[in-house]
Amino acid sequence: MIALLLSVPLMWGGPSMWGGPLWSARPTIKVGPTVLAAATPIPQASQTPPPDVAATPAPTLPRYSGQLLDVERGYVVFSTGDALKLAPDVAIVDDDTGAAPGYAVEPGLYAIAIVAPDTGLVTSLRLARTPRPNATPIAEVPRSYVIAASSPQPNPDLAPPKTRYTSKLSAAVQVTINALVPPDTPFDADVYIATDTSGWNAQAIKMQRVDGRHFRIVTELQGGTDFHYLFTRGSWTSVERERSGLQRPARELVIEGGDVLDIAATIYRWADLP
Amino acid sequence: MKRAIALAAALAAMSPIPARSDQAPQDVGHALLRVSAGHVRYFADQAVVQARDGVEVRLPDGAVVRGDIATVDLRLRRIAVAGHVTLHTAAGDYAGAGFADFFAFRRAYFLPLVPAADRWTFLNGDWSTPEKGREMPGDAFALPDLQNIQPYIEGTSAAIDFTTFARFAPATIRVFDAVPTPALPVYVYNYSANQNFGVNSLSGASFDAPYAFAGSADSLDALHLRYDQTRPVKAFWSFEHHSVFGDAGYAVFSLNPASEPTKQWNLLGYDQVGTRTGFAVNAQLFTVQSGLAQPASSNGFADVQLTQALAQSALRVDATQSYDSLLATGEPNHPFVLGSQWAGYDQPLFRSGFTYRLQSGLAHIHDAFGISGQTLPDVWSHYLGAYLATPQYQGPAGIGLDATAQIQRTWLSFPNTITTTTLTASASRQVTPHIYLVATQLTQTVSATSAALTFASPNTATGLTPAPQSLNGLPIYGIATVVPDAVSRNYILSGSWQPSTAFQFSAAAQQTNYSPVQVPGLTSVPRYQLNGDARFRITRTLFADVSRGYLFNWGGRVWTPQFGIQVSAQ
């Protein structure tokens, strides 16, 4: 059967030999030990060469894990954009119990795809609600297993970025903001930071008094965080202003990455003081 | 040869411009993205809208995407749709596994499964000619993990402006991240980077729950359910409208409370001409009326300011018109204050490390019925003031020392002369990486020729302490100054401790010596106080602030009357 499939790859996309348009074909999904649906053979895409299993027989089946995007039309698709073809008798089970999952198979779950090296098809799909560490990340799946009708084309957008931060997923950065307040700041004043992420709540972040004219706050923010902020004395009538007393533009904080970030800010004037 | 070069140049100019790797994010504008599904949820701490069950997303250009799940990342300006995806565009319909659109970069990624699994990239909104096989970012379709997070808002549809607001309908809001409200017909959540949406014209309430029921890219309307234990009717509701315009302009109107006869109508406005000239208006109207019926009383004021930045200083012209009664009945008194203030910027004092600031003002006050109960209808005032600040000096044992001094003298043509001084000296030390101690000695004085020949107005150009902070224009050092000469000496030891980003504690011990008279009473300053304040995270986005003071049995008062408790979003 596999040989037959491999021999007719060019039929993919047109009126099919299976009696109907292929886009309506559904994979055979075996949930747990029982086959629930009638098998619909899935043809192999022409761009995916058969793996050279004779030269390097794998002692164990390759396991690839990632976030699930879709299981549809004979494919399992991961959030990396990689699509693997499902074997007709693929078993879909919960990775923890080995039994049929007690939840809907939906995007956002995590999955391990176990691939048969000889066919390149996924023979088992193990699902979980949390990331699975015990498998090769799907991003490292060999091209021989990935299904894509078009040949990979380079993307100039993916050249080394000139963006200001490394990744939205980069680690937390310890951010210290030190603020020098104007000399007419009342001695018992508290100083806060209002941010756009808090709906400009005038008391969103409270700062520590460090000395007579300095306040500071230490916080942790993810790399890639980008927000606007202003200093206040706890209300919008006491927000900071330009030296002239005119409204000042909001400050912007961009966390570019790294371990620590120190910011020294000078507050020139408060809106409620002449 | 020249012809060949010209031809080559022309061909190069005619060829399609390749997508560049250094393409900067573009302004996504305010076109709305419309999402509908069985469940549309907003997760505030992730700035993500997630839709499930029969998702339909209508893109700003009219294209429609359907799928099992959609997530809209407001920070990344990205939408991702996954699971049984169909994409309906003017150029055709497609079926696939995933769709992601990065609006700021005008890149839409699509994973078709028909006729075969593939990778397509649509550039610049062109749905007709996808770039097939083009490599995609590894996280183009990544879905945020929201399994253990409670949504802040839940509904079945949302209209989303990536930079300003999202409008949910209907909407169930989880108050304090815990208590869901009944389904409201609509709720507008504003997350604009424009700080003028934060301008607040509502005063006086210990509890405020806003319900934003209408909004756009440049406006927001909200009802506020409020509670104030000092009012006869403690619970009431108010209305507030925001409009923003230009680079810095705003107008805020409010009615507070709207549900009680005693009403306060507020208008705040601001705009700038260029970067050096600003115009501000602050008007308040106080009425006693049932609903919108003829008021039984009506008074108010309007204050207009024009600020002009100069070289190393700024000039402000400030006019205040008061209306003691706007009705045919009552005293038709309309006091008027017109003044100008000049404020210098902080300047270095030679190379000493000291900085100083100078300021002055001139104002004219007119009250046809006599100013401050006197017979004079017109009074002139002018003032001069200066601040001097030291740098921080390093003392022994890691102690930092700094000080500031302020002096101001105001002349009134009553006549009266008022001189105020403030001297602050601080010694500070970082005890541990998370603990700071600051010892402060503060001396404040006021000396006036007369304690009666003064007045208060909202206008600060007079050099007097404005209303409503002061009822007579003299400064307040803990209590209102009613004598010609007063001195307040304070010794404060304050400490702050921030062991983690989720907890802060601060405390202050204070001794106050106030002369000429400091005896226990409701309006006096306690001689000894101990205040504490703890701020701690209660949810992923909410902090609670709990404070209380101990007064050492000052006139029978041991503790401050109650705990101060405040919950705020971070």
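Residues numbered from 1 in each chain as written. Chains lettered and ligands numbered in written order. Predicted model: local features only at pLDDT ≥ 70, side-chain atom pairs only at ≥ 80, totals over all residues.

## As for the overall build of chain B
This is how it is decided: Helix numbering and strand numbering both begin at the N terminus, where a helix is a DSSP run of H or I of at least 4 residues and a strand a DSSP run of E of at least 2. In this setup the radius of gyration rests on C-alpha atoms only. A globule is expected at 2.2 Å times the number of residues raised to 0.38.
Within chain B, the secondary structure is distributed over one helix and 37 strands. Here the C-alpha radius of gyration of chain B, 31 Å, is well above what a compact globule of 570 residues would show, namely 25 Å.

## Some points on the overall build of chain A
For clarity, the cut-off: Exposure classes come from backbone-placed C-beta atoms, where a residue is buried if 20 or more other C-beta atoms lie within 10 Å of its own, exposed if 12 or fewer do, and partly exposed in between. Contacts are defined on C-beta atoms placed from the backbone: any two residues whose C-beta positions lie within 7 Å are in contact.
Within chain A, the secondary structure is distributed over one helix and 18 strands. Split into buried and exposed, the 274 residues of chain A put 42% on the buried side. Intrachain contacts of chain A at a sequence separation of at least 6 include 70% that bridge at least 24 residues.

## A closer look at the interface of chain B and chain A
Stated precisely, the cut-off is as follows: In this classification, the charged set is Asp, Glu, Lys and Arg, the nonpolar set is Ala, Val, Leu, Ile, Met, Phe, Trp, Tyr, Cys and Pro, and all remaining amino acids, among them Gly, are polar.
Each partner contributes residues to the interface: chain B has 82 residues there, and chain A has 69 residues. When the residues that make up the side of chain B that touches chain A are grouped by side-chain class, the tally is 35 nonpolar, 34 polar and 13 charged.

## Concerning the sheet that holds strand β14 (residues 226–232) of chain A
Residues and elements named next belong to chain A. Note the cut-off: By this definition, two strands are paired if DSSP reports at least two bridges between them.
If you trace the four strands from one edge of the open sheet to the other, you get β11-β10-β14-β16, paired in antiparallel fashion. Lying at the two open borders of the sheet, with one neighbouring strand each, are β11 (205–206) and β16 (251–254). Bridge count between strand β10 (residues 192–195) and β14: four bridges; the pairing is antiparallel. Directly across from Y192, in β14, lies its bridge partner T232.

## Examining the confidence of the model for chain A
Residue and element names in this part refer to chain A. Our working definition: Per-residue confidence from the predictor is given as pLDDT, running between 0 and 100.
Looking at chain A as a whole, the pLDDT averages 77, with 74% of positions reaching at least 70. Of the regions scoring below 50 in pLDDT, residues 1–54 engages in 96 contacts with residues more than four places distant in sequence or in other chains. Predicted confidence for residues 165–169 stays below pLDDT 50, and this span has twelve contacts to residues more than four positions away or in other chains.

## Thoughts on the sheet that holds strand β17 (residues 260–266) of chain A
All names here are of chain A. Strand order in the open sheet formed by four strands is β12-β13-β9-β17, with mixed pairing between adjacent strands. Every other strand in the sheet has two partners, leaving β12 (208–209) and β17 as the edge strands with one partner each. The pairing of strand β9 (residues 172–180) with strand β13 (residues 214–222) spans nine bridges and is antiparallel. When the sheet's bridge partners are listed, N178 is paired in β13 with R216.

## Considerations on the confidence of the model for chain B
Interpretation of the predicted coordinates at a detailed level should be avoided for regions scoring low in pLDDT. All names here are of chain B. Mean pLDDT over chain B stands at 90; residues scoring 70 or higher make up 95%. In the model, residues 7–22 has pLDDT below 50 throughout and makes nine contacts with residues more than four positions away in sequence or in other chains. Confidence metrics for the complex model read pTM 0.82 and ipTM 0.88.

## Here we look at the pairing of strand β6 (residues 107–112) of chain B
All names here are of chain B. For β6, the tally of buried residues reaches six of six residues, placing the bulk of the element in the interior. Covered by surrounding structure in β6 are R107, Y109 and L111 together with A108, F110 and P112, the residues of both alternating faces. Remark: four residues form the turn of the hairpin made by strand β5 (residues 92–102) and β6, two consecutive strands paired antiparallel; R106 in that turn has positive phi of roughly 50°. Direction of pairing for β6 relative to strand β7 (residues 120–123): antiparallel, over a ladder of four bridges. In the strand pairing of β7, Y109 is matched with T121.

## Considering the environment of N333 of chain B
Residue and element names in this part refer to chain B. Checked against the element boundaries, N333 lands in the loop between β21 (313–323) and β22 (336–344). We classify N333 as partly exposed; it has 14 C-beta atoms within 10 Å. Between the alpha carbons of N333 and Y323 there is a distance of 6.2 Å; along the sequence they are ten residues apart. Here N333 is in contact with D324, D367, A368 and F369, once residues within four sequence places are set aside.

## Re unusual backbone geometry
Residues and elements named next belong to chain B. In the segment running from A169 into P170, the intervening peptide bond is cis, with an omega of -20°. Here P170 shows up in the loop between β10 (165–169) and β11 (172–175). Here the residue pair S515 and P516 is connected by a cis peptide bond, since its omega of 15° sits within 30 degrees of zero. Within the fold, P516 resides in the loop between β33 (503–515) and β34 (528–537). If you check the backbone angles, A47 has positive phi at about 55° while not being a glycine. Positionally, A47 belongs in the loop between β1 (33–43) and β2 (48–58).

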